[in-house]
Amino acid sequence: MTARAARLPVTPADAGTTIFRGATLIDGEGGPPVADAEVEVRAGVIRYAGPRRSTAGDAGEARGDVRVRELKGAWLLPGFVDVHVHLAMVPAPAERQREWFAEESVFATAEALRATLDAGVTTARDLDGLTPGYRRAIEAGMAVGPRLHVAVAMLSPTGGHADPHAPNGSLPGWAVRPGMPEPGLVDTDDDIVRAVRRLLRMGADVIKVAASGGSGSPTDDPDDVGITEDQVRLIRRLVDERGGRPITAHVQTDASARAAVRGGVDSIEHGYDLSDETIDLMLERGTVLVPTLSVLMREMPSTLDPDRRQARERMRRRGLDSARRAIAAGVPVALGTDAGVVPHGANLRELAWLVEAGMDPLRALRAGTLTGARLLGLDSQLGSVVPGKIADLVVTRVDPLAEIGGLCQPGAIDLVVQSGRVVTDRTGPIAPSGH
Ligand SMILES: [Zn+2]
């Protein structure tokens, strides 16, 4: 479906060799943990991953051209992939954002990028709100953040989930995003052809559609119909004419999920109300579910009125049950948080929710690494700690098998390595040798 090779921003640049030694390795492929492991990284690529070798690297160490990091007592995991974030959604109040200069938006997003990377997310997919400029700035080393795939803008009908306008036509602060194209409002097939071709021309890595309404948008309702099955089919054809890209659909209702899957999307976001029939269809088609439990289960504001609170409670129960049944049936699941709606930098909280929904910790970790990489078309280069792949690594003192919920706590991630470079280091001063 995605014939053209997916972009891999952030190319390895560090030519040196580093050996990470002594940690317990979880390689992300689903195999059992390897105690007292060794991972050798050269020129940003993993050259060895497995049990500690007796003498390897010692010669280089003696010469001083190999750096060694002793990680006894720690866990070493692949860098995480969050396939559903909104890095342009930042915490400042909407009224203030309305008065921002473009630069303030950019720097606020830079903070969100940093928080996401520090949390252990070395690759992220932004599903509405970022131009490819962010991807390119990170790729070029001008900014620090997860390597990015961007949807640029989500497609929906006028008055649908992608439409930020209030009834009087005004735009709330969060919807004013300098440098962004018009929101992706499409009603006719002609609109869709033009919008999809423009997104591809801009360099979108993924096309996102809203197949149903949503909760956060001003004038629609989650039960509303968005992009239809026939329209998804048209988008599939347009995308495949241009080398292929993944298509993903925001869905709140079962009917919208089924329509999107039939139309040919690669993944569905949320899917809080999947019927067993739709789950079977997803299994048949290999459609990935991104259950975004972090946003479903987020804390409700104390000001929420009792009716809305009850409705949210119902949605939570239904959504968790939906994810549970999909997971039990074996639907491939990728980690996505909707960060932006929930705070940036707590991405790994989703792992605990996936365990709550029935995954064992190893499977949850795989959802957060290899399955996400596969959904982005990057699994031959990312998503697990095996020789030949790009060295994206996370080191933590938290035992992910015993206390997966601890991974999202502040300071839980000691070290983040992206393309072989240490980009986050909370381990304190460790004398590097030979660099
Ligand atoms: Zn979202």
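Residues numbered from 1 in each chain as written. Predicted model: local features only at pLDDT ≥ 70, side-chain atom pairs only at ≥ 80, totals over all residues. Heavy atoms only, no water.

(A) Spatial organisation of the overall build of the chain. A tally of regular secondary structure across the chain gives 13 helices and 18 strands. Along the three orthogonal principal directions, the C-alpha set of the chain runs to about 70 × 45 × 45 Å. Counting across all 435 residues of the chain, residues that qualify as buried make up 55%. If you take every contact in the chain between residues at least 6 apart in sequence, the share linking residues at least 24 apart comes to 69%. Carbon and sulfur atoms make up 51% of the accessible area of the chain, which totals about 17,900 Å². (Helix = DSSP H or I, 4+ residues; strand = E, 2+ residues; numbered from the N terminus. Buried < 20%, exposed > 50% of the residue type's maximum accessible area, 1.4 Å probe, protein only. Contact = heavy atoms within 4.5 Å. Areas by Shrake-Rupley, 256 points an atom, 1.4 Å probe, with all protein chains shown as cover.)

(B) Fine view of the coordination of the zinc ion. Looking at the metal site, the zinc ion is ligated by His-84 (NE2), His-86 (NE2) and Asp-338 (OD), spaced 2.0 to 2.2 Å from it. For the zinc ion, the donor residues sit on a single chain with the sequence spacing H-x1-H-x251-D. Taken together, the residues His-84 in strand β7 (residues 80–85) and Asp-338 in the loop between α10 (306–329) and α11 (349–356) connect sequence positions 254 residues apart. In this structure, His-84 and Asp-338 share a single accessibility class: buried. (Donors = N, O, S within 2.8 Å, 3.2 Å for Na, K, Ca; no water.)

(C) Summary view of the pairing of β7. By the criterion of burial, β7 is predominantly enclosed, with 6 of the 6 residues buried. When β7 meets strand β8 (residues 121–126), the two strands line up parallel, connected through 4 bridges. Each residue of the ladder has a partner; that of Val-85, found in β8, is Asp-126. (Pairing = 2+ DSSP bridges.)

(D) Fine view of unusual backbone geometry. The backbone of Ala-43 shows a phi angle near 50°, a positive value even though the residue is not glycine. Considering the arrangement of structural elements, one finds Ala-43 in the loop between β3 (37–42) and β4 (45–51). On the basis of relative accessible area, Ala-43 is assigned to the partly exposed category, the value being 31%. Even without being glycine, Asp-128 reaches a positive phi, approximately 130°. Relative to the assigned elements, Asp-128 resides in the loop between β8 and α4 (132–139).

(E) Expanded view of the packing of aromatic side chains. Applying the stated criterion across every chain yields a total of 0 aromatic pairs. Taking NZ or CZ as reference, Arg-53 lies 3.9 Å from the ring centre of Tyr-48, over its face. (Phe/Tyr/Trp six-rings, centres within 6.5 Å; stacked < 30°, edge-to-face > 60°. Lys NZ or Arg CZ within 6 Å of the ring centre and 35° of its normal.)

(F) Representation of the packing of helix α7 (residues 254–263) against helix α8 (residues 276–285) within the structure. Two elements in contact, α7 and α8, have axes separated by 10 Å at closest approach and are oriented at 20°. Taken together, the axes of α7 and α8 lie roughly parallel to each other. The crossing of α7 and α8 is left-handed. Between α7 and α8, the contacting residues are Asp-254, Ala-257, Arg-258, Val-261 and Arg-262 on the first element and Glu-277, Thr-278, Leu-281, Met-282 and Arg-285 on the second. (Axes fitted to C-alpha atoms, helices over the stretch in contact; angles between N-to-C directions. Parallel < 35°, antiparallel > 145°, perpendicular 65-115°, else oblique. Left-handed = near helix turned anticlockwise from the far one by under 90°.)

(G) Up close: the pattern of salt bridges. Per the counting criterion, the structure on display carries 27 salt bridges. Of the charged contacts, one joins Glu-229 and Arg-233 as a salt bridge, the two residues approaching to 2.6 Å between their closest N and O atoms. One end of the pair is Glu-229 and the other is Arg-233, both in helix α6 (residues 229–241) and 4 residues apart, which spans about a single turn. Taking relative accessible area as the criterion, Arg-233 reaches 39% and is therefore assigned partly exposed. Linking Arg-236 and Asp-266 is a salt bridge whose minimum nitrogen-to-oxygen distance equals 3.0 Å. Linking Arg-236 in helix α6 with Asp-266 in the loop between α7 and β14 (267–270), this pair joins segments that are 30 residues apart in sequence. (Salt bridge = Lys/Arg side-chain N within 4 Å of Asp/Glu carboxyl O.)

(H) Examining the side chain of Ser-156 more closely. Within the fold, Ser-156 resides in strand β10 (residues 154–156). Among the polar contacts listed, one links the side chain of Ser-156 to the backbone nitrogen of Ala-162, at a separation of 2.9 Å. Ignoring anything within four residues of it in the chain, the contact list for Ser-156 reads His-161, Ala-162, Asp-163, Gly-184, Leu-185, Val-186, Ala-210 and Ile-227. (Polar contact = N/O pair within 3.5 Å; in protein donor to acceptor, adjacent residues only side chain to side chain.)

(I) Region of the structure containing the sheet that holds strand β6 (residues 75–78). Reading across from one edge, β2-β6-β16-β17-β18 is the order of the 5 strands in this open sheet, with mixed pairing throughout. The open sheet has two edge strands with one neighbour each: β2 (24–25) and β18 (421–425). Running over the sheet, helix α3 (residues 102–118) touches β17 (413–418) and β18 and is turned about 95° from β18.

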